[in-house]
Amino acid sequence: MVRSLAERMRAHEQQKARLAEQEAKLKDAERRARTRRLIEAGGLIDKAGLLDLDANALYGALLSLRDGAGDKDQVGKWAALGGRTFAHEARLRDEGKEPVIVTFPTPLAKDATNALRAAGFRFSKILRHWEGLAHVAEAEALAQAHGGTARLVASAGSRPEPAAAEAAE
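From a predicted model like this one, the values you see are computed outputs, not experimental measurements. (Residues numbered from 1 in each chain as written. Predicted model: local features only at pLDDT ≥ 70, side-chain atom pairs only at ≥ 80, totals over all residues. Heavy atoms only, no water.)

**Looking at the layout of surface pockets**
So the rule is basically this: Definitions used throughout: a 1 Å grid over protein atoms alone; a cavity as a set of points that fits a 1.4 Å probe which cannot get out; a pocket as an open set with protein on both sides within 12 Å along at least five of seven lines; a lining residue as one with an atom within 4 Å of a point. Grid points are joined across faces, edges and corners, and a volume is the space filled by probe spheres set on the points. Only DSSP runs of H or I reaching four residues or more are called helices, and only runs of E reaching two or more are called strands; each is numbered from the N terminus.
Volume-wise, the largest pocket comes out at about 750 Å³. Together, 19 residues line the largest pocket, and Leu44, Ile45, Ala48, Leu65 and Gly82 are the ones closest to its centre. Breaking the lining of the largest pocket down by element, the ones donating at least two residues are helix 1 (5–47), helix 2 (55–68) and helix 3 (72–94). At 8 residues, the largest contribution of residues to the lining of the largest pocket is made by helix 3.

Given below as structure tokens:
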């Protein structure tokens with residue numbers, strides 16, 4: 001069946017509208033990715049202790065970094081230093097922490113969920129409990145303050161090896 005000119009024009013306008021919508025979505029995604037990257041860069045500048053520099057000094061420091069960014073060896077050294085520092089900070093942050101599960105008999109108020117998130121816990125929708133790395137005594141105190149209980153999760157390293165278990169029997 002042959003479509004009329006009006007039908008073809010309407011189909012063309014619909015296709016143009018769909019393409020314009022797709023283009024707007026792509027631009028929005030690009031804008032969001034750029035904003036996320038800028039926030040991340042600002043966080044790294046703060047983490048490096050450079051946020052207190054005045055704008056001219058910070059810009060000059062960044063320009064000197066830009067000049068060295070073309071040198072692959074230098075970039076490799078920077079990446080290694082950054083990786084080691086991140087790993088060291090993570091070890092210090094998690095030192096003495098163990099995997100803990102916190103449960104509550106009833107749903108929690110917003111202040112309690114905020115306190116748990118601030119302590120590094122996240123809620124498992126499937127298992128219906130809070131889980132995270134924490135100092136056990138702190139997790140127990142937090143759980144008790146809101147009517148719940150905390151328990152240590154047995155880590156894989158704390159279980160006896162099968163051969164050792166059989167030898168013990």
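**Here we look at the sheet that holds strand 2 (residues 122–124)**
The pairing of strands in a sheet comes from backbone hydrogen bonds and takes either a parallel or an antiparallel form. This is how it is decided: Strands qualify as paired when DSSP identifies two bridges or more between them. Geometry is summarised by axes, namely lines fitted to C-alpha atoms with helices restricted to the contacting stretch, and by angles between N-to-C directions that run from 0 to 180 degrees.
Taking strand neighbours across the sheet as the criterion, the 4 strands line up as 2-3-1-4 in an open arrangement whose pairing is antiparallel. Each edge of the open sheet carries a strand with a single partner, namely strand 2 and strand 4 (149–152). Mean inter-strand twist for the sheet, computed between neighbouring axes without regard to direction, equals 30°. Across 4 bridges, strand 1 (residues 98–103) lies against strand 4 in antiparallel orientation. Residue pairing in the sheet places valine 100 in a bridge with leucine 152 of strand 4.

**A word on the nonpolar core**
To keep it simple, the criterion reads: Side-chain atoms within 4.5 Å link the members of a nonpolar core, which is a set of buried Ala, Val, Leu, Ile, Met, Phe, Trp, Tyr and Cys residues. Working definition: with a 1.4 Å probe on protein chains only, accessible area under 20% of the residue-type maximum means buried, over 50% means exposed, and in between means partly exposed. Contacts are residue-level and defined by heavy atoms, with any inter-residue pair within 4.5 Å sufficient.
One finds Val100, Val102, Phe104, Leu116, Phe121, Trp130, Ala134, Ala139, Leu142 and Ala143 forming the largest nonpolar core, which totals 10 residues. Secondary structure elements with two or more residues in this core: strand 1, strand 3 (129–134) and helix 5 (136–145). It is helix 5 that contributes the most residues to this core, 3 residues altogether. If near-sequence neighbours (up to four positions away) are discounted, alanine 143 is found in contact with Val102, Phe104, Gly148, Thr149 and Ala150.

**Some thoughts on the side chain of histidine 129**
This is how it is decided: We call two N or O atoms a polar contact when they sit within 3.5 Å, provided that within protein one can donate a hydrogen and the other can accept it, with sequence-adjacent residues counted only if both atoms are side-chain atoms.
Note on placement: histidine 129 falls in strand 3. Judged by its relative accessible area of 8%, histidine 129 falls in the buried class. Engagement of the side chain of histidine 129 in a polar contact is seen with the side chain of glutamate 131, the distance being 2.8 Å.

**Topic: the side chain of threonine 113**
Tracing the chain through its elements places threonine 113 in helix 4 (residues 110–118). Polar contacts involving the side chain of threonine 113 include one to the main-chain carbonyl oxygen of lysine 110, which spans 2.8 Å. Residues contacting threonine 113, with those up to four places away along its chain left out, are Leu108 and Trp130.

**Overview of a nonpolar patch on the surface**
Just so we agree on the cut-off: Note on patches: the residues involved have over 30% relative accessible area and no salt bridge, like charges join within 9 Å, and the nonpolar side chains Val, Leu, Ile, Met, Phe, Trp and Tyr join within 5 Å. All accessible-area figures derive from a Shrake-Rupley calculation using a 1.4 Å probe, and residue coverage is judged against the displayed protein chains alone. Throughout this description, the term salt bridge denotes a Lys or Arg side-chain nitrogen within 4 Å of a carboxyl oxygen of Asp or Glu.
A surface patch of nonpolar side chains, about 310 Å² in accessible area, is lined by Leu62, Leu65, Val75 and Trp78. Elements supplying a minimum of two residues to the nonpolar patch: helix 2 and helix 3. Mapped onto the elements of the fold, leucine 65 is located in helix 2.

**Some points on helix 3**
Applied cut-off: In a helix, the anticipated span is given by 1.5 Å times the number of residues less one.
For helix 3, with 23 residues, the first-to-last C-alpha span of 33 Å sits near the 33 Å given by 1.5 Å per residue. Between the side-chain oxygen at the start of helix 3 and the backbone nitrogen of aspartate 73 there is a gap of 3.1 Å, and the oxygen is on aspartate 71. Taken from the residues just after helix 3, glycine 96 is the one with a positive phi, measuring 80°.

**Some remarks on the confidence of the model for the chain**
Counted only if it meets this: Known as pLDDT, the predictor's per-residue confidence is scaled from 0 to 100.
In this model, the chain carries an average pLDDT of 90, and 91% of its residues clear a pLDDT of 70 or more. Predicted confidence is poor over residues 159–169, with pLDDT under 50, and the contacts of this stretch with residues over four places away or in other chains come to 1 contact.

**Focus: the environment of alanine 115**
Secondary-structure assignment places alanine 115 in helix 4. You can call alanine 115 partly exposed: its relative accessible area is 26%. Once the C-alpha coordinates of alanine 115 and glutamate 30 are considered, the two residues, 85 residues apart in sequence, prove to be 34 Å apart. Setting aside residues no more than four positions away along its own chain, alanine 115 makes contact with Leu142 and His146.

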